[in-house]
Amino acid sequence: GYIVLPGEMFSFNRVVGERTKERGYENAAIYSSSGIEEELGGGICQVSSTLYIATLHANLKQSARHYHAYTVSYVDLGLDATVYWGSLDYIFTNDTDYPIRLTTECKNGALTISIIGTKTDEISVKTRVQILETYQPETIEELDETLEPGERQIEQHGKIGYKVETYKTVTINGVTQLEVKISTSNYKKIDEKVKVGPPAVTTASETE
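Here goes a summary of the coordinates provided. For every chain, the first residue of its written sequence is number 1, and the numbers climb from 1 along that sequence. It should be noted that, the model being predicted, local features are given only for residues of pLDDT at least 70 and side-chain atom pairs only at 80 or more, the latter also being counted only at that level, while totals for whole chains, interfaces and linings use all residues. Hydrogens and waters are ignored; side-chain quantities use all the structure's heavy atoms.

Another aspect to go through is the sheet that holds strand E1 (residues 2-4). Strands sit in the order E1-E7-E8 across an open sheet of three strands; the sheet is antiparallel. Two strands lie at the open edges of the sheet, namely E1 and strand E8 (110-116), each paired on one side alone. Here the strands of the sheet are splayed against their neighbours by 25° on average, with no regard to which way each runs. The strands touched by helix H2 (residues 45-57) are strand E7 (100-107) and E8; relative to E8, the strand with the most contacts, the crossing angle is about 40°. Should DSSP find at least two bridges between two strands, the strands are regarded as paired. Here a helix means four or more residues in a row that DSSP labels H or I, a strand means two or more in a row labelled E, and each is numbered from the N terminus. Comment: axis = line fitted to C-alpha atoms, over the contacting stretch for helices; angle = value between 0 and 180 degrees taken between N-to-C directions. Should any heavy atoms of two residues lie within 4.5 Å, those residues are considered in contact.

Right, here's the structure in full:
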């Protein structure tokens with residue numbers, strides 16, 4: 001139900017506010033410099049990423065968008081928009097001549113964000129992602145004397161990293177404009193971490 005006036009910038013962090021326990025947020029997984037950990041408001045980027053995709057297809061002006069440190073599963077590569085209170089924000093601008101309204105629905109595990117405005121032209125937007133590089137994860141083993149000999153326990157699954165470019169093509173009233181690059185995203189790899197038990201002890205028998 002939030003209204004964005006013509007020329008107004010929409011700041012996700014300003015509108016949604018700080019993610020605190022008092023406001024009902026709970027701990028969930030987030031990406032940090034050390035990998036994956038839990039923090040209040042984890043998962044909020046599913047909302048900001050969905051909004052980002054909606055504004056792309058509405059052909060609105062993008063003012064600030066940040067990609068995640070690592071890939072996410074809920075949107076395609078190059079179409080995520082991470083946010084973090086106090087540092088990373090997602091911002092778009094209503095560069096149309098009329099107010100727009102954001103409508104949001106979460107039902108049966110699916111999040112839907114729609115942008116309602118005044119239709120002046122027939123506009124469609126298509127996005128395309130090009131993978132430039134891939135970063136393969138490594139397997140890092142750590143000895144754990146508490147495990148049985150030869151036993152292996154995966155502590156952290158690996159994830160492939162990517163460098164991608166995202167492009168969009170806009171068609172207005174049947175006229176297709178030139179494709180333009182809208183972003184470059186560089187997702188780091190996550191190495192697989194495995195705890196391994198001590199080597200199995202073998203004994204040799206002697207015969208006389």
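That was the structure; now back to the text.
Remark: nonpolar core denotes a set of buried residues (Ala, Val, Leu, Ile, Met, Phe, Trp, Tyr, Cys) joined through side-chain atoms within 4.5 Å. Exposure classes here rest on a 1.4 Å probe applied to the protein chains alone. A residue is buried below 20% of its type maximum, exposed above 50%, and partly exposed in between. Within the largest apolar cluster, 18 residues are counted, with the highest numbers of intra-cluster contacts made by Phe10, Phe12, Leu51, Val83, Tyr90 and Phe92. The element contributing the most residues to this core is H2, with five residues. Not counting residues up to four positions away in its chain, the partners in contact with phenylalanine 10 are Tyr2, Val4, Val15, Leu51, Tyr90, Ile91, Phe92 and Leu102.

Attention now goes to unusual backbone geometry. Positive phi is not limited to glycine here, since asparagine 59 has a value of about 60°. Inspection of the secondary structure puts asparagine 59 in the loop between H2 and strand E5 (61-64). Under the relative-accessibility criterion, asparagine 59 is labelled partly exposed at 22%. We note that asparagine 173 has phi near 50°; this positive angle belongs to a residue other than glycine. Summarising the element assignment, asparagine 173 is placed in the loop between strand E12 (161-172) and strand E13 (175-176). Asparagine 173 sits in the partly exposed class, given a relative accessible area of 45%.

Quick look at the pattern of salt bridges now. A side-chain nitrogen of Lys or Arg and a carboxyl oxygen of Asp or Glu constitute a salt bridge if their distance falls within 4 Å. As enumerated under the stated definition, the model contains six salt bridges in all. A salt bridge links arginine 65 to aspartate 80, with the shortest nitrogen-to-oxygen separation between them at 3.2 Å. Of this pair, arginine 65 sits in the loop between E5 and strand E6 (91-93) while aspartate 80 sits in the loop between E5 and E6; the two residues are 15 residues apart in sequence, bridging distant segments of the chain. Note on arginine 65: relative accessible area 17%, which makes it buried. One salt bridge connects lysine 189 with aspartate 191, and the closest N-O pair in it is separated by 2.7 Å. Here lysine 189 falls in the partly exposed class, since its relative accessible area comes to 30%. In this structure aspartate 191 comes out as buried when scored by relative accessible area, which is 18%.

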